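Working through the structure, step by step
What follows is each chain in one-letter form.
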Amino acid sequence: MQTFDLAAQGLRALNSTLHGLKGQTNQTSWEIINPKGAHAIAVGLDAPVDVTVRGSTGYYCAGMNKQATVRVKGSAGPGVAENMMSGTVIIDGDASQYAGATGRGGLLVIKGNASSRCGISMKGIDIVVHGNIGHMSAFMAQSGNMVVLGDAGEALGDSLYEARLFVRGSVKSLGADCIEKEMRPEHLALLADLLKRGEADHLAKPEEFKRYGSARKLYTFNIDNASSY
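Residues numbered from 1 in each chain as written. Predicted model: local features only at pLDDT ≥ 70, side-chain atom pairs only at ≥ 80, totals over all residues. Heavy atoms only, no water.

1. Notes on the overall build of the protein
- Looking only at helices and strands, the protein has three helices and eleven strands in total.
- Counting from the amino terminus, helix and strand elements in the protein follow one another as β-α-α-β-β-β-β-β-β-β-β-β-α-β.
- Taken against the 2.2 N^0.38 rule, which gives 17 Å for 229 residues, the C-alpha radius of gyration of the protein at 18 Å falls within 12% of a compact globule.
- The dimensions of the protein, computed from C-alpha atoms along their principal axes, are 65 × 40 × 30 Å.
- Counting over 229 residues, the protein shows a buried share of 47%.
- Contacts spanning at least 24 positions in sequence make up 27% of the contacts within the protein whose residues lie at least 6 apart.
- Accessible surface computed for the protein: about 10,200 Å², of which carbon and sulfur atoms make up 48%. (Helix = DSSP H or I, 4+ residues; strand = E, 2+ residues; numbered from the N terminus. Rg over C-alpha atoms; globule rule 2.2 N^0.38 Å. Buried < 20%, exposed > 50% of the residue type's maximum accessible area, 1.4 Å probe, protein only. Contact = heavy atoms within 4.5 Å. Areas by Shrake-Rupley, 256 points an atom, 1.4 Å probe, with all protein chains shown as cover.)

2. Here we look at the packing of aromatic side chains
- Within the structure shown, the criterion is met by two aromatic pairs.
- Plain terms: the ring middles of Tyr59 and Tyr60 are 5.9 Å apart, the flat faces sit at 45° to each other, and that makes the pair tilted.
- Relative to Tyr98, the ring of Tyr60 has its centre 6.5 Å away and its plane inclined at 35°; by these criteria the two rings are tilted. With a gap of 38 residues between them, Tyr60 in the loop between β3 (50–54) and β4 (69–72) and Tyr98 in the loop between β5 (88–91) and β6 (107–110) connect regions that are remote in the sequence. (Phe/Tyr/Trp six-rings, centres within 6.5 Å; stacked < 30°, edge-to-face > 60°.)

3. Things to note about the environment of Gly77
- Here Gly77 lies in the loop between β4 and β5.
- Since its relative accessible area comes to 10%, Gly77 is described here as buried.
- Distance from Gly77 to Ala38, taken between C-alpha atoms, is 9.3 Å for residues 39 residues apart in sequence.
- Excluding residues within four positions of it along the chain, Gly77 makes contact with Thr57, Gly58 and Ser96.

4. Remarks on the layout of surface pockets
- Its volume calculated, the largest pocket comes out at about 170 Å³.
- Taken together, 14 residues form the lining of the largest pocket, with Glu162, Arg164, Lys181, Arg211 and Arg216 sitting closest to its centre.
- Only β9 (164–167), α3 (185–197) and β11 (210–214) provide two or more residues apiece to the lining of the largest pocket.
- With four residues, β11 is the single largest residue contributor to the lining of the largest pocket. (1 Å grid on protein atoms, 1.4 Å probe; cavity = no way out; pocket = protein on both sides within 12 Å on 5 of 7 lines; lining within 4 Å. Points joined across faces, edges and corners; volume = space filled by probe spheres on them.)

5. Quick notes on the pairing of β6
- Alternating positions in β6 separate into two faces, Leu107 and Val109 on one and Leu108 and Ile110 on the other, with burial throughout.
- Here β5 runs beside β6; their pairing, made up of four bridges, is parallel. Pairing of Ile90 across the sheet is with Val109, part of β6.
- Examined bridge by bridge, β6 and strand β7 (residues 123–129) share four bridges and lie parallel to one another. (Pairing = 2+ DSSP bridges.)

6. A few points about the pairing of β4
- The alternating pattern of β4 places Val70 and Val72 on a buried face and Thr69 and Arg71 on a face that is not buried.
- Of the pairings in the sheet, the one linking β3 to β4 comprises four bridges and is parallel in character. Bridge pairing in β4 links Asp50 to Thr69.
- Pairing of β4 with β5 involves four bridges; the strand directions are parallel. Among the inter-strand pairings, Val70 is bridged to a residue of β5, identified as Val89.

7. Comments concerning helix α2 (residues 11–19)
- When we look at burial in α2, the residues that qualify are Leu14, Asn15 and Leu18. What you see down the axis of α2 is that its buried residues fit within an arc of 85°, all on one side. Exposed residues pointing more than 90 degrees away from the buried face of α2 are listed as Arg12 and Ser16.
- Those residues of α2 that are buried are in contact with β1 (2–5), α1 (6–9) and β2 (29–33). (Arc of directions from axis to C-beta.)

8. What about the pattern of salt bridges?
- For the structure on display, the rule yields eleven salt bridges.
- The residue Arg54 makes a salt bridge to Glu31 at a minimum N-O spacing of 2.9 Å. Within this pair, whereas Arg54 is found in strand β3, its partner Glu31 is found in strand β2, the two being separated by 23 residues in sequence.
- Among the salt bridges present, the one from Glu199 reaches Arg71, with a minimum N-O distance of 3.2 Å. A residue pair is termed long-range when its members are at least 10 positions apart, and Glu199 in the loop between α3 and β11 and Arg71 in strand β4 qualify at 128 residues.
- Each of Arg71, Lys73, Asp92, Lys111 and Glu199 takes part in one network of salt bridges that share partners. (Salt bridge = Lys/Arg side-chain N within 4 Å of Asp/Glu carboxyl O.)

Spatial relationships are all this shows, so hold off on functional conclusions.
Rendered as structure tokens:
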């Protein structure tokens, strides 16, 4: 394992070193110590490496991630895993607002709670939250899956497109065009896989969740209402 002391060596040196790793590197295991809430730790990675951050991080940790597995042994500030493409990001603590925003692929696991706008405009990412999520989560979510073992705040899934939302606890309110949907066998199978990959299969069963999705009315032209347009 390679150990990088962020306090001693600095953020620019860290990200430059990680960006220099290629697919055939044998330096596949990294440990970052003394993060002290620094912003933009391990952003833009594009190699199949494992990075462990020993402490909490600031803004945009693991943003734009590709291939890498990044685990934060603490909590994460706003925008963790923003626009990630692939790979896995695991937060052992809580995540601040807009976690996983615009994510296009990969898996984001938050073992604590997530604040407001979790998964905003998600475009294919899978998000598993062991705790609760805040208001306006999955706003304009286009595709992908969000699994919440706890409760959801106000306006869940407001103006969403085709993302699938699974919530085990209560939902304070649903946003525009978001409705509860039938949980069919294929959804139970999908959810079982997500819980396993999200390290939560020992905490909950698929049958305990409700599924939410788009009513498909907000963005769809209805010829019966042509005179109203």
